[in-house]
Amino acid sequence: MVVLSAEQVRAWDRFTIEKQPIASIDLMEKAAMACVQWMETNRIVNQQQFYIFCGKGNNGGDGLAIARLLQKFNRPVDVFIFETGQLGSPDFQQNLHRLHTLPVTIHFIQENSPLPDIPESVLVIDALLGTGLNRPVEGRMAALISHINQYPNAVISIDLPSGLFADQSTLPHPCIHASITLSFQCFKPALLVSENALFFGIPVILDIGLDQRFLNSCTPLYEMTDGPLAKAILQPRLAFSHKGKFGHALLLAGSPGKMGAAVLAAKACLRSGAGLLTTLVPELERMLFPTAIPESMSILYDNRKPEEILSDTSIYKTIGIGPGLGQQPQSRDWLHHLLTHFRKPMVLDADALNLLASDVRLLEGIPPFSILTPHPKEFDRLNGTCSNDFERLEAALRMAIQHQVIVVLKGHRTFIAMPGGRAWFNTSGNASMAKGGSGDVLTGMLTGLLARGYAPEQAALLGVYLHGLAGEIASRKLGKESVLASDIIDSIGPAFLELESSN
Ligand SMILES: NC(=O)C1=CN([C@@H]2O[C@H](COP(=O)(O)OP(=O)(O)OC[C@H]3O[C@@H](n4cnc5c(N)ncnc54)[C@H](OP(=O)(O)O)[C@@H]3O)[C@@H](O)[C@H]2O)[C@@H](O)CC1
Ligand SMILES: [K+]
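Residues numbered from 1 in each chain as written. Chains lettered and ligands numbered in written order. Predicted model: local features only at pLDDT ≥ 70, side-chain atom pairs only at ≥ 80, totals over all residues.

Per an unreviewed UniProt entry, the chain is named Bifunctional NAD(P)H-hydrate repair enzyme, and its organism is Flavihumibacter fluminis. Recorded under Subunit (unreviewed entry), the UniProt text for the chain is reproduced unchanged: "Homotetramer." (UniProt positions renumbered as here; feature names shortened; annotations may be inferred.)

This is the structure:
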């Protein structure tokens, strides 16, 4: 699925109107019908009284058409039009005209009229502003938005919560706090970033039949992963293969007190298909690996220089570095050693990224197409502080292009920026994964997939998607509160199976 800017979606509307052809008013009707159908399917229509707040653009036109369609369900519908003194868009006017003969009460919110009380039984529909927002909301509109926000009533926003910029930061300006946003045809970036979570609530994308041919000539701002995309990347594990065929991974993770991170990453690596794994383990922890994960070989390291311990890295297909590593000088020496001797794509996470942040020259030494997996704070340490989520997305993409690396910016919608300039938001996963250790598992999985032979971009897309799917599978069994990183590892196998058998 594509993620488009407000301007691109508006161009898609125009393209559809011209090429199908379909009248603009009929497209609006389709949009309104899609909203009401969704409300019907989700049993919202029968239970409520509706207050529909409308602006005078086409978003307001949607609201008026929704009012007309909802009144058929014999529930009280009140429409509140935010008066601006302008006539309103032609489709707004036509829908207002269509409403006049129906039993819908229409109120006009004038400059000085009091704002309406919202009784408990009311479901609010917000159709004040959509993609036509062209400046931050202020004045009387801001007062109306704050007024609606102060009530605990559920709010369904049409297309976008009013006041939300589709493709730039809205903070600190006022915006409707929607419970659900019914947005048309595709995601807009603003519905994917955490700084807006309070504004959009649960985003739902409704197909309104915009003409798919538009996408042939449109470079989307971003894209979204999904099951079919991940499935298309999967490679069968061929018969007549042996462990040497599936790559030997090296893992540098863990430090005294944080060896759990190394164990998690190691298990996840092997569960993701790597043929062989060797883990670099501090001498002090020599007993841990043979018992915790006997499938991994170990190289013990002490205070000697890394080159005295591991001079030849050529047998390894890839290296995963960082989970639980710590930032002590010994870790820095190892990171430096591996970056200067290993030139194939590797995975860098956690303390490897923090060490890079303290010496950004090391960034230049990262092998091309390596995968970096920062969470937002680690990213900011590496890049410099970003003042909002949009700035961070752009910075991640810039970093990917400039350093020819893949940046996996972790979050609810993990963002995967590619060296060629394309970027994906991931769609799998849930809040059960917001726990220590999840990131270590991802590092292990990505390392495993690289070792297994997946090309780095494919490994990143597949790995992030599978990681999320494994979290979903674990939470189906255990509930969102109780999933541990180990449970995600246990669900990697079922995630492969679910993906393989999906349509
Ligand atoms: N056929 C189609 O294209 C389809 C479109 N569809 C729907 O149309 C929506 C886009 O409609 P749109 O383009 O009319 O813009 P919309 O969001 O209603 O706002 C424009 C109005 O707001 C005003 N305004 C702007 N900023 C403001 C502010 N800060 N504070 C106050 N006012 C502000 C601006 O007035 P201005 O003051 O700038 O003159 C103008 O009057 C889209 O989101 C979807 O819902 C669907 O039906 C599918 C088919
Ligand atoms: K809206």
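A.B. asks: So what's going on with the sheet that holds strand β10 (residues 248-252)? Which residues, and what values?
C.D. replies: Where strands meet in a sheet, backbone hydrogen bonds hold them as pairs that are either parallel or antiparallel. Ordered in space as β1-β9-β18-β17-β16-β15-β14-β13-β10-β11-β12, the 11 strands form an open sheet in which the pairing is mixed. Since the sheet does not close on itself, it has two edges, and those belong to β1 (2-3) and β12 (297-301), each with one partner. By the bridge criterion, two bridges tie β1 to strand β9 (residues 222-224) in an arrangement that is antiparallel. Following the sheet pairing, V3 is matched in β9 by Y222. (Pairing = 2+ DSSP bridges. Helix = DSSP H or I, 4+ residues; strand = E, 2+ residues; numbered from the N terminus.)

A.B. asks: Lay out the pairing of strand β13 (residues 318-321) with the relevant residues and their values.
C.D. replies: Every second residue of β13 is oriented toward a common face, with T318 and G320 on one face and I319 and I321 on the other, all of them buried. Sheet topology note: the β10/β13 ladder contains four bridges and is parallel. Among the inter-strand pairings, L252 is bridged to a residue of β13, identified as I321. Relative to strand β14 (residues 347-348), β13 runs parallel, the two being bridged by two bridges. Paired with I321 across the two strands is L348, which belongs to β14. (Buried ≥ 20, exposed ≤ 12 C-beta atoms within 10 Å, placed from the backbone.)

A.B. asks: Residues and numbers for the UniProt feature "binding site: AMP" (unreviewed entry) in the chain, please.
C.D. replies: What UniProt calls "binding site: AMP" (unreviewed entry) maps, in this numbering, to K410, G411, H412, R413, T414 and G439. These residues run over 30 residues, yet every pair of their C-alpha atoms falls within 13.8 Å of each other. By secondary structure assignment, the location of G411 is in the loop between β16 (406-409) and β17 (415-417). Not counting chain neighbours up to four residues away, the residues in contact with G411 comprise S194 and P376. (Contact = placed C-beta atoms within 7 Å.)

A.B. asks: Which residues make up helix α11 (residues 329-341), and what values go with them?
C.D. replies: Here α11 spans 18 Å end to end across 13 residues, near enough to the 18 Å set by a 1.5 Å rise per residue. Of the positions making up α11, those classed as buried are S331, W334, L335, L338 and L339. What you see down the axis of α11 is that its buried residues fit within an arc of 125 degrees, all on one side. Turned more than 90 degrees away from the buried face of α11, the exposed residues are P329 and T340. Summarising the contacts, the buried residues of α11 are in contact with β10, α10 (306-309), β13, α12 (350-358) and α13 (361-364). (Expected span 1.5 Å × (residues − 1). Arc of directions from axis to C-beta.)

A.B. asks: Before we move on, could you go through the UniProt feature "binding site: K(+)" (unreviewed entry) in the chain and cite the residues and values that matter?
C.D. replies: Using the residue numbers shown here, the UniProt feature "binding site: K(+)" (unreviewed entry) corresponds to N59, D126 and S162. These annotated residues cover 104 residues of sequence, but their C-alpha atoms sit close together, with the largest distance between any two at 9.3 Å. Structurally, N59 can be placed in helix α3 (residues 58-70). In contact with N59, other than residues within four places in its own chain, are A127, L128, L129, G130, G132, I158 and D159. The residue D126 is located in strand β5 (residues 122-127) in this model. Looking at D126, the number of C-beta atoms within 10 Å reads 28, which means it is buried. If we ignore the near neighbours within four places in the chain, the residues touching D126 are F53, V155, I156, S157, I158, P161, S162, I176 and A178.

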